[in-house]
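# Survey of secondary and tertiary structure
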Amino acid sequence: MSERIVVAMSGGVDSSVAAALLQQAGHSLVGVTLKLQECHDAHGSKSCCGVDGVTRARDVAGSLGIPHYVLDCVKDFEQLVLLPAWQEYAGGRTPSPCLLCNEHVKFGLLLDWAERLGIPRVATGHYARLEKDEAGQPMLLRGCDTGKDQSYFLAGLSRSQLDRAVFPVGHLRKPEVRALAKSHDLPTAETPESQDACLVEPGQSFSEMLRKRFDAPAKTGEIVDEAGQVVGQHAGIHVFTIGQRKGLPAGAASRRWVKSISPETGQVTVTGNVAELVGTEFVAKRVNWLAGSLPAAALPCSVQVRYRHASEPATVEALADGNLRVTLAKPVKAITPGQAAVFYDGDRTLGRGWIAPPA
Amino acid sequence: MIYADYNATTRLDPEVRAAMEEALDAGFGNPSSIHAAGQAARRLVDKARARVARFVGAAPEEIVFTSGGTEADNLAVLGVAGAASGDRPGVVTSAIEHQAVLAPCAFLQKQSRPVTFLPVDGTGRIDLGALEAAAKPDVALVSVMLANNDTGTVQPIAEVVKVATACGAVVHTDAVQAAGKLPVAVNQLGVSLLSFSSHKIHGPKGVGALYLRRGVALAPLVHGGRQERTLRPGTENVPGIVGFGKACELAQARLEADSCRVAELRAHFESQILARIRGARLNGGGARLPNTSNIAFAGLDGEAITINLDLAGMAVSTGAACSSADKTPSHVLVAMGQSAQEARSSVRFSFGRDNTDEEIDRAVILVVQTVNMLREARS
């Protein structure tokens with residue numbers, strides 16, 4: 001059945017192939033590229049300011065013969081993604097901006113935009129799959145390419161957002177996607193990998209870029225070891241994340257990791273004992289639960305505490321305040337406040353919560 | 001495709017193309033060269049300059065070729081301000097100018113020069129009372145557009161000239177949108193500077209001109225050779241200038257017939273749309289360009305209409321950019337006192353010489369269908 005679908009085209013190979021597949025299936029497409037950053041923000045930098053992406057997406061849309069528009073989301077992106085991300089860093093936590101972008105921009109602003117055009121559905125090149133459960137509710141499943149699976153980044157979408165989403169490459173593996181790009185003769189067949197919101201060059205600090213953008217003061221302070229001994233000073237808590245090894249002063253212990261960050265005092269505590277970094281329990285807040293109602297009793301599932309993390313067996317249980325208590329079957333390293341915890345039952349995404357700092 | 005975005009740009013006229021093709025060969029020389037090839041190119045530029053000058057009722061030496069309307073506007077604003085004496089730092093312009101005038105005025109303001117942006121009434125006509133108040137002896141330049149690109153509202157330039165001249169200021173008018181749609185004769189208008197552009201009158205892109213009345217002081221923005229009397233140095237864009245010259249000649253010859261016919265098409269379109277679409281309202285009023293229809297569709301998003309019309313095969317435009325927070329509504333409609341939401345519900349239709357009666361009938365149907373579809377989708 002032919003539908004009108006808005007397809008988000010980043011200029012990368014995944015969304016290009018997504019568009020090609022939908023077109024092949026006979027749908028009537030409207031290609032859109034989200035402009036997330038002003039070009040002059042990137043003056044003197046080689047990082048993608050979005051213009052390359054827009055140009056490539058326009059090229060792909062042209063070769064597929066579909067209309068293409070640019071949706072200027074620069075200010076919205078700053079307010080809905082970058083500012084909250086900075087607030088997390090400023091609070092001593094580590095944000096997950098890609099989730100915010102999917103929840104508020106790609107399946108927020110872009111869905112609204114499509115709706116204003118009278119088009120109900122939005123497709124993206126995410127590696128994730130959608131199916132319906134017995135009750136007709138959308139189920140978000142992991143992408144078939146386990147190395148590329150992006151369900152983690154999408155786990156904050158509501159059921160009504162998922163109902164309107166289309167993920168045409170979720171059942172494919174990356175090499176298949178590249179091969180399809182070639183066979184469709186798409187100009188993006190060879191484009192390099194990019195992350196969801198590629199805003200910084202490798203080696204550049206995302207958090208420092210945010211601090212400068214919002215002209216915010218850095219919360220400086222001491223670096224102390226587990227004994228409370230001051231081992232150095234730092235230029236701002238925002239450059240640290242739990243479990244980090246880089247950028248710490250050399251000390252007695254040959255290896256040190258960040259164990260905790262105190263936004264109040266600015267103190268960063270480090271440890272040389274890796275066992276100090278592990279945890280077995282945390283609370284997940286502001287939960288988006290996709291599988292029925294929140295689990296009243298301990299529900300066995302698996303949990304992923306950051307994007308690049310193999311999920312671990314755990315149980316989750318709703319607390320009276322709507323938060324989830326997560327209990328891991330075995331200790332997990334660097335459970336980082338601010339990151340998204342995403343819960344799975346096999347391939348099915350059950351929901352997402354934000355990891356709260358330990359009480 | 002039904003093209004109804006003539007205020008954005010126009011298609012190259014076949015006669016213009018022929019003239020340009022000829023100039024690419026016959027005029028390959030550098031007009032500044034002493035030899036025969038240079039002389040041939042120079043003659044082509046001279047001939048084009050005469051045609052361009054005739055189009056605005058000026059002498060050929062009063063024409064400065066530029067890269068287009070934006071550069072002509074910049075040269076006028078910054079050039080007059082730059083050449084003005086120290087006791088005349090002021091510039092007066094209107095709130096509804098094109099960015100090509102607003103931005104250089106804002107640039108002057110940043111350099112601590114006094115700049116006044118005149119308000120407009122609900123029809124988009126500038127407030128002459130405000131002009132009288134702003135026209136002080138320290139004003140070097142008054143720049144008011146001849147007709148607005150968004151709404152087509154024609155400005156009372158004769159009155160502007162009267163007030164400005166009384167305080168000793170020179171008057172520039174941005175006639176980029178008016179040229180080819182209204183008679184543009186510098187002596188009737190009484191202005192000292194006038195900018196116009198080739199691609200709005202079926203000429204090529206990348207060329208425009210500033211009319212500069214004899215004796216008016218202007219500081220160049222670009223420094224280099226002696227071309228354009230040192231006011232705009234750089235080897236001339238010979239094929240572009242030749243095309244512009246031909247386009248001016250054709251526009252002048254066709255002006256009356258074309259604007260009458262386009263006015264009829266527009267009248268038919270407007271009466272149909274206003275009668276058949278509930279909540280459709282015309283933006284702008286009083287004297288308007290014969291080809292421009294700026295229409296608000298209550299409760300709808302102008303961009304959504306524009307994109308759906310594009311998908312259906314009709315080219316129109318909105319003043320607005322894109323997403324929610326970023327969607328700056330047309331500064332023209334906002335200056336006319338509209339709310340941001342009202343302004344965002346507007347679409348600009350601009351017709352031209354190639355539109356047919358049949359196209360207008362189809363355009364009406366497409367617009368009615370699109371508006372109905374969007375209203376159904378919302379309900």
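Here the structure is a predicted model, which means the values were calculated and not measured. (Residues numbered from 1 in each chain as written. Chains lettered and ligands numbered in written order. Predicted model: local features only at pLDDT ≥ 70, side-chain atom pairs only at ≥ 80, totals over all residues.)

## As for the overall build of chain A
When you go through chain A residue by residue, the secondary structure sums to 8 helices and 17 strands. Against the 2.2 N^0.38 benchmark of 21 Å for 359 residues, chain A shows a C-alpha radius of gyration of 21 Å, consistent with a compact globule. Sorting the 359 residues of chain A into buried and exposed places 46% on the buried side. The long-range fraction of contacts in chain A, counting pairs at least 24 apart against all pairs at least 6 apart in sequence, stands at 63%. (Helix = DSSP H or I, 4+ residues; strand = E, 2+ residues; numbered from the N terminus. Rg over C-alpha atoms; globule rule 2.2 N^0.38 Å. Buried ≥ 20, exposed ≤ 12 C-beta atoms within 10 Å, placed from the backbone. Contact = placed C-beta atoms within 7 Å.)

## Quick notes on the domain arrangement of chain A
Residue and element names in this part refer to chain A. Its domain assignment divides chain A into domain 1 (4-183), domain 2 (218-272) and domain 3 (276-355). Of the residues lining the interface, 7 residues belong to domain 2; the matching set on domain 3 comes to 5 residues. Partitioning the side of domain 2 that touches domain 3 into residue classes produces 2 nonpolar, 3 polar and 2 charged. (Domains from an automatic or database assignment. Nonpolar A, V, L, I, M, F, W, Y, C, P; charged D, E, K, R; others polar.)

## Observations regarding the interface of chain B and chain A
Taken together, the 15 residues of chain B in the interface contact 16 residues of chain A. When residues of the side of chain B that touches chain A are traced back to their parent elements, those giving at least two are α9 (302-312) and α12 (357-378) of chain B. Here the side of chain B that touches chain A takes 5 residues from α9(B), the largest share from any one element. Residue classes in the side of chain B that touches chain A are distributed as 9 nonpolar, 3 polar and 3 charged.

## A few points about helix α3 (residues 74-90) of chain A
Residue and element names in this part refer to chain A. Approximately 30° is the largest bend angle found in α3, and it occurs at Leu-82, with the proline Pro-84 only one to four residues beyond. Taken across its 17 residues, α3 has 12 buried, putting it largely inside the fold. Looking at the buried side of α3, the elements it contacts are β2 (28-35), β3 (68-72), α4 (97-116) and α8 (206-213). One or two steps after α3, the chain reaches Gly-92, where phi turns positive at roughly 80°. (Bend = angle between axes of the 7 residues up to and from the residue.)

## Side note on the packing of helix α8 (residues 238-276) of chain B against α12(B)
Residue and element names in this part refer to chain B. Packing of α8 against α12 leaves a shortest axis separation of 10 Å and a crossing angle of 25°. The angle between the axes of α8 and α12 places the two elements in the roughly parallel class. At the point where α8 passes α12, the crossing takes the right-handed sense. Mapping the contact onto sequence places Leu-265, His-268, Phe-269, Gln-272, Ile-273 and Arg-276 in α8 and Asp-357, Ile-360, Ala-363, Val-364, Val-367 and Val-368 in α12. The residue makeup of the contact of α8 with α12, split by class, is 8 nonpolar, 2 polar and 2 charged. (Axes fitted to C-alpha atoms, helices over the stretch in contact; angles between N-to-C directions. Parallel < 35°, antiparallel > 145°, perpendicular 65-115°, else oblique. Left-handed = near helix turned anticlockwise from the far one by under 90°.)

## Some words on the confidence of the model for chain B
Residues and elements named next belong to chain B. For chain B, per-residue confidence averages 95 on the pLDDT scale, and 98% of positions sit at 70 or higher. Considering only residues more than four positions removed or in separate chains, one finds that residues 320-325, a stretch of pLDDT under 50, has 27 contacts. Scoring the predicted complex yields pTM 0.87 and, for the interface, ipTM 0.82. (pLDDT = per-residue confidence, 0-100.)

## Overview of the environment of B:Thr10
Residues and elements named next belong to chain B. With respect to the helices and strands, Thr-10 occurs in the loop between β1 (2-3) and α1 (14-26). For the pair Thr-10 and Ser-198, spaced 188 residues apart in the sequence, the C-alpha separation amounts to 9.3 Å. If we ignore the near neighbours within four places in the chain, the residues touching Thr-10 are His-199, Lys-200, Ile-201, His-202 and Gly-352.

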